[in-house]
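Working through the structure, step by step
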Amino acid sequence: MGYRGRSIDSTKMQYIRHHAGRLFFRSGRVVICDPVSIDDPMFKVPSGTCGDFYFIDESSDSDYAQELVPGVKVRDIAALEIRFSDHSSGLTSIRKIGLVGVDSAQIVVADEQDLEDCVPDPLFITEEGGAVVTQKLIDEHSLVTKHLSDGWIEVLSDERESVYRRLYQSIEILKLGDPDELLFYKRWGDFFGLFERVEMCCYDGPLMSLGNSDLFMLSPNGSDGQYDVYVESCNERILRCWILIHDDFFVNGYPSGNIVEVVIPND
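Residues numbered from 1 in each chain as written. Predicted model: local features only at pLDDT ≥ 70, side-chain atom pairs only at ≥ 80, totals over all residues. Heavy atoms only, no water.

1. Observations concerning the sheet that holds strand β9 (residues 123-125)
Our working definition: Two strands pair if DSSP finds at least two bridges between them. Under the scheme used here, helices are H or I runs from DSSP no shorter than 4 residues and strands are E runs no shorter than 2 residues, and both carry numbers assigned from the N terminus. Only the stretch in contact is used when a helix axis is fitted, and all axes are lines through C-alpha atoms; the angle between N-to-C directions ranges over 0 to 180 degrees. Note on contacts: a residue pair is in contact if any heavy atoms of the two residues lie within 4.5 Å.
Across the sheet, four strands lie side by side as β10-β11-β9-β12; this open sheet has antiparallel pairing. The open sheet has two free edges, formed respectively by β10 (145-149) and β12 (183-185), since each of these has just one partner strand. Direction aside, neighbouring strands of the sheet carry axes that sit 30 degrees apart on average. Sheet analysis places β9 next to strand β11 (residues 152-155), joined by three bridges and oriented antiparallel. If you follow I125 over to β11, its bridge partner there is I153. On the sheet, helix α3 (residues 160-173) packs against β9, β11 and β12 and is oriented at approximately 155 degrees with respect to β12. Along the sheet, helix α5 (residues 194-201) makes contact with β10 and β11, crossing β10 at roughly 70 degrees.

In structure tokens, the structure reads:
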């Protein structure tokens, strides 16, 4: 059961669908949960399946609405749609398979194996000294890195303790700044989990780094609650999934057909 804050005639509501990201599910075990408490997989798709994510937003003419592209404005997110396949070899059916409970105003979608492999003690360069300093450290030590959020670069290494010591010494020798400000390693204790990553990235999403992989995160319009999850399947193979943020988007068990497709430049 999703958001029920108002009554709207969903047959008249127009929705805007636009592409928001792509993930590969290496194990095929799809987890949809609150980042505070990781749940068991909600369903399974074939290993290595690609999922394309689409936001479905409510169209709006309000002065306060977000303009996606010139002439197209939206307000709340009505649903998140994930397409695993656009092709079916027979009749399809849509059914509710569960719900996701939210206490942190965030929902994450990821492969179970990627969540299990998320590094509990990551090493970050914080860019407190600026992008030039960060790049100098990367080049000087031939680091493999990945962007986490604005100003936070994760160092991908299985030897994080020794890499941290080398970077610390290098910053001091080269007088690049305060290593305790430029580096983040076990600064909040020995464990840096999924929720901590989401907290740092909640304004940078929707794709978020888990180190060697990624997850997709979604805020249900800043609200906690319980949100229904539906799937479309054919011969027991799941083709699509919807996380309903507003129940109105589904009419008599089916998603609204009043949808306009919008392509965001540079998507």
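Further notes follow.
2. Some thoughts on the sheet that holds strand β2 (residues 29-33)
Strands sit in the order β3-β2-β8-β14-β13 across an open sheet of five strands; the sheet is antiparallel. The outermost strands of the open sheet, each flanked by one partner alone, are β3 (43-44) and β13 (207-209). Across two bridges, the pairing between β2 and β3 is antiparallel. Of the residues in β3, the one forming a bridge with R29 is K44. Strands β8 (107-111), β13 and β14 (214-218) of the sheet are contacted by α5, whose axis makes an angle of about 125 degrees with β13.

3. Details of the nonpolar core
As a rule of thumb, soluble globular proteins bury nonpolar side chains together. Convention followed: Nine residue types can take part in a nonpolar core, namely buried Ala, Val, Leu, Ile, Met, Phe, Trp, Tyr and Cys, and a core is a set of them joined through side-chain atoms within 4.5 Å. For every residue, the accessible area (1.4 Å probe, protein chains only) is compared with the maximum for its type, and the residue is labelled buried under 20%, exposed over 50%, or partly exposed between those bounds.
The biggest cluster of nonpolar side chains holds 26 residues, and the ones touching the most others in it are I32, F43, F84, I107, V109, F216 and I243. In this structure F84 touches F25, V30, F43, V45, T49, C50, G51, I238, L239, R240 and C241, once residues within four positions along its chain are discounted. A110, F184, F192 and M217 belong to the second largest nonpolar core, which has 19 residues in total.

4. What about empty space enclosed by the protein?
We apply this condition: The definitions used throughout rest on a 1 Å grid laid over the protein atoms alone, on which a cavity is an enclosed set of points accommodating a 1.4 Å probe that cannot get out and a pocket is an open set flanked by protein within 12 Å on both sides along at least five of seven lines; lining residues are those having an atom within 4 Å of a point. Grid points are joined across faces, edges and corners, and a volume is the space filled by probe spheres set on the points. Residue classes follow a fixed rule: Ala, Val, Leu, Ile, Met, Phe, Trp, Tyr, Cys and Pro count as nonpolar, while Asp, Glu, Lys and Arg count as charged, and any other residue, Gly among them, counts as polar.
Considering all chains together, one arrives at one cavity of 30 Å³ or more under this definition. Taken as a whole, the largest cavity spans an internal volume of roughly 40 Å³. The wall of the largest cavity is formed by 10 residues, among which F184, K186, G189, F191 and F192 lie closest to the centre. Of the residues that constitute the lining of the largest cavity, the class distribution is six nonpolar, one polar and three charged.

5. Considering α5
Stated formally: The arc under discussion is defined with respect to the helix axis, by the directions toward the C-beta atoms.
Inspection of α5 places L194, R197, V198, M200 and C201 among the buried residues, and these make up the whole buried set. When α5 is viewed along its axis, its buried side chains cluster within an angular range of 160 degrees and face the same direction. Against the buried residues of α5 lie β8, α1 (112-116), β10, β11, β13 and β14.

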